[in-house]
2 protein chains.
Amino acid sequence: EEVAKLLDLKAKLGDDGPSKKFVLKCPKGTRDYNPQQMSIREGVFNTIISCFKRHGAETIDTPVFELKEILTGKYGEDSKLIYDLQDQGGELLSLRYDLTVPFARYLAMNKITTIKRYHIAKVYRRDNPAMTRGRFREFYQCDFDIAGQFDAMLPDAECVKIVAEILTQLDIGEFKIRVNHRKLLDGMFSACGVPDDKFRSICSAVDKLDKTFWEDVRAEMVDEKGLSPEAADRIGHFVKFSGGISTLEELLKDEGLSKSKLAVEGLEELKLLLTYCDLYKISDKVVFDLSLARGLDYYTGVIYEACLQGYANKPVSASSGGSGEEEESVSVGSVAGGGRYDGLVGMFDAKGKKVPCVGVSIGIERIFAIMEQRAMASNTKIRTTDTEVYVVSAQKHLVEHRLKLCQELWDADIKTEQSYKKNPKALDQFQYCETNGIPIAVILGQSEIENNCVTMRNTNTRAERKVSREDLIEEIRKELISIKSS
Amino acid sequence: EEVAKLLDLKAKLGDDGPSKKFVLKCPKGTRDYNPQQMSIREGVFNTIISCFKRHGAETIDTPVFELKEILTGKYGEDSKLIYDLQDQGGELLSLRYDLTVPFARYLAMNKITTIKRYHIAKVYRRDNPAMTRGRFREFYQCDFDIAGQFDAMLPDAECVKIVAEILTQLDIGEFKIRVNHRKLLDGMFSACGVPDDKFRSICSAVDKLDKTFWEDVRAEMVDEKGLSPEAADRIGHFVKFSGGISTLEELLKDEGLSKSKLAVEGLEELKLLLTYCDLYKISDKVVFDLSLARGLDYYTGVIYEACLQGYANKPVSASSGGSGEEEESVSVGSVAGGGRYDGLVGMFDAKGKKVPCVGVSIGIERIFAIMEQRAMASNTKIRTTDTEVYVVSAQKHLVEHRLKLCQELWDADIKTEQSYKKNPKALDQFQYCETNGIPIAVILGQSEIENNCVTMRNTNTRAERKVSREDLIEEIRKELISIKSS
């Protein structure tokens, strides 16, 4: 407040010296969206929301912060990235880290056992930002989840189908959806001789395979996490498996895995999932990959992750000799992910009552980064307004006539702008139409007013014609239709 | 994390005892939106956004938090209500308190001097919540602002017009937009003998006139803020003035006011504003009111506030004998407000360069509370999905056929659902259509599959007819059009 008073005083004294006391910026890892960027973002959202609605989803919203204890113990090693609010007296609060935990809290709180909902909102992670690669501390998630007691793989396959539909429609290049199963991973760890209490931490290590080399992951398992080198090497053998139904059948015959009930369950479910994906005509996009782990603790069944090709997700092994180019091609990678989490809602229920859930989360920022780059490269102008008509004064002293005309057009739901100057120059007004892509100028001059008409001008062709005031609304609508169809 | 591990352990041990360790709730002053509420909210947003776009606005977005120092010294006595984030190492951050300060920061940071933009987003205030009256700690603001060096009252009048259009379209009852001018207030304070350094604090007291009686406001001025009783009584005389252009002309002749350059400037601008409002055909909605002050420090010119009638904003004087009813009728009140703030952007500029701005903020929560109440009272069922077709299995073992059919419909952009059970009961599936208002059921049975057709059923009329698979998409589209037009 002191600063403000001083600034006020300065202003009153007519002192124009520097008044800035701090760096003008957005907080680290965040950014503004300008109107062009908003235009691209709205296009992406429309595609995503249309798809969610095509699959019959409702939508909900939850607060941006939750009681801190709601988030505690849900994110494993990533919990350190949660933003806390300052204790200003009252409840201890944290910004949401994802939309899945608030969704589970919502279900438990309202005793909802069946719902299909989407939720598009910002989430917050105190991660190391890499903004050119689309990694932010504040970012959107577009989540679709199906909760309820259903038959195996029917909701799960629909989630995978949704990812495929959205990425196809967004037309941002080739992609692959890798799928795996937490039960298969656990069964595999057990078959490899990983002690039960190390499952989650070894799983976290496997999760890093899409960013680092096997040699480094192995070192983490053995040196940091105390796994025996033999067990690590057995894991190293399995994580190479990827493919389709035939790969799953091969693994079902594996001596070690076939003894694990969990592994067999996981493999059978994945076979059913791939069968359903085939019926949904997306099997060319879906690949089973035993190296996919996903970091979050709460997954219990199928897990999946979509990566854009040409933005390689897998690093080239060190021995194959990496060039500078690979670095660049890792720049985007994963754009969607999700899986089944049958235990999460039960963690919030007084009686531990479970609600089976499966869902998918689309990460908009990386997709957006690609589309923005493409828009810049193509050099096409993006309109940021929908204005249809600009009311032009051809002469001075017509401001009241302009206001009346604007009122008529607005009340007829025609998107209309005018100059905020009392006596604007004609050239400036036409220039504004061209710069902003406003298709029609409606011109008022003394002769028009005397004859109760206007001059209607097509900004593009510059063709002009007189239109009586009575017919104006109708003529504008006709002109707009003819412009849109041409 | 400890809790999670214990819960994990419990789950493994098959212990189904109570696992809840805390109260399941939203943070104080916040709430979830369920699908019905989201449906109402989306309707309100659509009306508001359409209006903003009709007036040619672009849109931007800013982060939910700002550097703490950006917000410091902008909100006067309300600064204590700002939410701070915990210092977790790094920058000191606060949740945004409104959208106006982030907008000014955005303009200064990007050196933008002319823009017309809207911004719809949540803001945060650690206020005392009154949730049944639509007062929350997390709430939406829908802001429209015009920045740039323009001629007097042209942008200002358009902001008032926009409020009138939106409140008319939302159809939530009669409303009035009260207007006043900060320069007139300052000139009036000066004419009443208020010392210069008390202008802002006396203005804050006047701002409370819409919630409390003059007697209490006078006591605050005299007892708390040390104003002379004579000055307070002179203010008491002026704040009773309200009306139209004739009232402004009466005040222009006032001996005290006419000597103040500021007061005359304010009165002349208000006259011009009301003239423009007349041209915009909203003068029946707009009333000059010298008791309107608005709390925020940053206003420098015209200010306005829209109140719903029948949700009285003004308390009845104590002497007129208040009944219990009045309490209830104050429950909603102000739904939109704004004004001119020509100095705010300059506070962020290194050279103090000013960008004149005027804007309006629509408060969605109170409007939403009214519409939700109305929806509940009318007992009309609100659809929360857009699903057009439900694919029904008439028999067992048809899941693969169903999946194939859904794939065809989704790929043709038809909004389609199906059961997630492998062998759902026919009755359950028809029931789902009726409960959820899905207009068409497409039924698959053995005979349909053998004849390469489906049975198409109108949920409402229950009329059924056979349609060949080849014509299905086209027939569904026709049926949907005929249902919509009936």
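A.B. asks: Give me the overall build of chain A: which residues, what numbers.
C.D. replies: Looking only at helices and strands, one finds 18 helices and 16 strands in chain A. Taking 2.2 N^0.38 as the reference for a compact globule, 486 residues should give roughly 23 Å; the C-alpha atoms of chain A span a radius of gyration of 29 Å, well beyond that estimate. The principal-axis extents of the C-alpha atoms in chain A amount to approximately 95 × 60 × 55 Å. A fraction of 71% describes how many contacts in chain A between residues 6 or more apart in sequence connect residues 24 or more apart. Total accessible area computed for chain A in this model is approximately 20,900 Å², and 50% of it derives from carbon and sulfur atoms. Averaging the locations of the 69 positively and 76 negatively charged side chains of chain A gives two centres separated by 2 Å.

A.B. asks: Give me the packing of aromatic side chains: which residues, what numbers.
C.D. replies: In this structure the tally under the stated criterion is 30 aromatic pairs over all chains. Each residue in the set Tyr75(A), Tyr97(A), Tyr298(A), Tyr299(A) and Tyr341(A) is aromatic and connected to the rest through ring pairs, giving one cluster. Just above the ring of Tyr97(A) sits the side chain of Arg125(A); from NZ or CZ to the centre is 4.1 Å. When the ring centre of Tyr33(B) is taken as origin, the NZ or CZ atom of Arg41(B), which lies over that ring, is 4.4 Å away.

A.B. asks: Tell me what's going on with the packing of helix H6 (residues 182-192) of chain B against helix H12 (residues 261-279) of chain B, and back it up with residues and numbers.
C.D. replies: Residues and elements named next belong to chain B. At a minimum axis distance of 7 Å, the contact between H6 and H12 shows a crossing angle of 145°. By crossing handedness, the relation of H6 to H12 is classed as left-handed. Where H6 approaches H12, its residues Lys183, Leu184, Asp186 and Gly187 are matched on the opposing element by Leu262, Ala263, Glu265, Gly266, Leu267 and Leu270. Looking at the contact of H6 with H12, its residues break down into five nonpolar, two polar and three charged.

A.B. asks: Could you give me a rundown of the domain arrangement of chain A, with the residues and numbers involved?
C.D. replies: Assigned domains of chain A: these are domain 1 (35-378) and domain 2 (389-485). Computed from C-alpha atoms alone, the centre-to-centre distance between domain 1 of chain A and domain 2 of chain A is 53 Å.

A.B. asks: Account for the nonpolar core, with residues named and values stated.
C.D. replies: Generally speaking, nonpolar side chains in soluble globular proteins are found buried as a group. In terms of nonpolar packing, the biggest core is built from 270 residues, with Ile235(A) and Ile235(B) touching the most fellow members. Those residues in contact with Ile235(B), other than ones at most four positions away along the chain, are Met188(B), Phe189(B), Cys192(B), Val194(B), Ile202(B), Val206(B), Trp214(B), Met221(B) and Leu227(B).

A.B. asks: Residues and numbers for the sheet that holds strand E11 (residues 357-363) of chain B, please.
C.D. replies: Residues and elements named next belong to chain B. Strand order across the open sheet formed by nine strands is E1-E4-E5-E11-E10-E9-E6-E8-E7, with mixed pairing between neighbours. At either margin of the open sheet sits one strand with a lone partner, and together these are strand E1 (58-59) and strand E7 (242-243). Where E1 and strand E4 (residues 115-124) come together, two bridges link them in parallel fashion. Looking across to E4, one finds that Glu58 is bridged to Arg117. Each of E4, strand E5 (138-147) and E11 is contacted by helix H2 (residues 35-54), which is oriented at about 5° to E5, the strand it contacts most. Most of the contacts of helix H5 (residues 154-170) go to E11, to which it runs at about 15°, and overall it touches E4, E5, strand E6 (175-181), strand E8 (286-289), strand E9 (302-308), strand E10 (334-340) and E11.

A.B. asks: Describe helix H15 (residues 399-411) of chain A, listing the residues and the values that go with them.
C.D. replies: All names here are of chain A. With 13 residues, H15 should cover 18 Å at 1.5 Å per step; its first-to-last C-alpha distance of 18 Å lies within 8% of that length. Residues Val399, Arg402, Leu403, Leu405, Cys406, Gln407, Leu409 and Trp410 constitute the buried set of H15. Where H15 terminates, the next one or two residues include Asp413, which has phi positive at roughly 65°.

A.B. asks: Tell me about the relation of the copies chain A and chain B, and name the residues and values.
C.D. replies: Screw-axis analysis of chain A against chain B gives a translation of 0.0 Å along the axis, an RMSD of 0.0 Å, and a rotation angle of 180°. Put plainly, the chains are arranged around a two-fold axis.

A.B. asks: Before we move on, could you go through the interface of chain A and chain B and cite the residues and values that matter?
C.D. replies: Note on interface size: it is often stated as the accessible area lost on association of the parts. Contact with chain A, which involves 110 residues of that partner, is made by 110 residues of chain B. Between chain A and chain B, roughly 9,700 Å² of surface is buried when both sides are summed, and carbon and sulfur atoms account for 57% of that area. It is Arg54(A), Trp410(A) and Tyr420(A) in chain A that bury the most area against chain B; as a group they hold 9% of the surface buried on that side. Joining chain A to chain B, the criterion identifies 18 salt bridges. Of the charged contacts in the structure, one is a salt bridge between Lys25(A) and Glu91(B), with a shortest N-O distance of 2.5 Å.

A.B. asks: Now, about the state of the cysteines: what can you tell me, with residues and values included?
C.D. replies: Cysteine pairs can be linked by a disulfide, which is a covalent bond between their two sulfur atoms. For the coordinates displayed, the defined rule picks out zero disulfides over all chains. Just so you know, Cys26(A) is unpaired, no disulfide at all, and the nearest cysteine sulfur is the one on Cys357(B), 17 Å from it. Cys307(A) takes part in no disulfide bond, and the closest cysteine sulfur to it belongs to Cys277(A), at a distance of 16 Å. Given the relative accessible area of 1%, Cys307(A) is considered buried.

A.B. asks: Which residues make up the sheet that holds strand E9 (residues 302-308) of chain A, and what are the values?
C.D. replies: All names here are of chain A. As summarised here, the arrangement of the nine strands in space is E1-E4-E5-E11-E10-E9-E6-E8-E7, forming an open sheet in which the pairing is mixed. On the outer flanks of this sheet lie strand E1 (58-59) and strand E7 (242-243), each paired with one strand and no other. Pairing between strand E5 (residues 138-147) and strand E11 (residues 357-363): seven bridges, direction antiparallel. Looking across to E11, one finds that Asp145 is bridged to Gly359. Each of strand E6 (175-181), strand E8 (286-289) and E9 touches helix H6 (residues 182-192); the most contacted strand, E6, lies at about 55° to it. Sheet strands touched by helix H12 (residues 261-279): E6, E8 and E9. Its angle to E6, the strand with the most contacts, is close to 150°.

Rules and cut-offs
- Residues numbered from 1 in each chain as written.
- Chains lettered and ligands numbered in written order.
- Predicted model: local features only at pLDDT ≥ 70, side-chain atom pairs only at ≥ 80, totals over all residues.
- Heavy atoms only, no water.
- Helix = DSSP H or I, 4+ residues; strand = E, 2+ residues; numbered from the N terminus.
- Rg over C-alpha atoms; globule rule 2.2 N^0.38 Å.
- Contact = heavy atoms within 4.5 Å.
- Areas by Shrake-Rupley, 256 points an atom, 1.4 Å probe, with all protein chains shown as cover.
- Lys, Arg positive; Asp, Glu negative; His and termini not counted.
- Charge placed at Lys NZ, Arg CZ, Asp CG, Glu CD.
- Phe/Tyr/Trp six-rings, centres within 6.5 Å; stacked < 30°, edge-to-face > 60°.
- Lys NZ or Arg CZ within 6 Å of the ring centre and 35° of its normal.
- Axes fitted to C-alpha atoms, helices over the stretch in contact; angles between N-to-C directions.
- Left-handed = near helix turned anticlockwise from the far one by under 90°.
- Nonpolar A, V, L, I, M, F, W, Y, C, P; charged D, E, K, R; others polar.
- Domains from an automatic or database assignment.
- Core = buried A, V, L, I, M, F, W, Y, C linked by side-chain atoms within 4.5 Å.
- Buried < 20%, exposed > 50% of the residue type's maximum accessible area, 1.4 Å probe, protein only.
- Pairing = 2+ DSSP bridges.
- Expected span 1.5 Å × (residues − 1).
- Least-squares fit on C-alpha atoms with pLDDT ≥ 70 in both.
- Buried area = accessible area lost by both parts, 1.4 Å probe.
- Salt bridge = Lys/Arg side-chain N within 4 Å of Asp/Glu carboxyl O.
- Disulfide = S-S within 2.5 Å.

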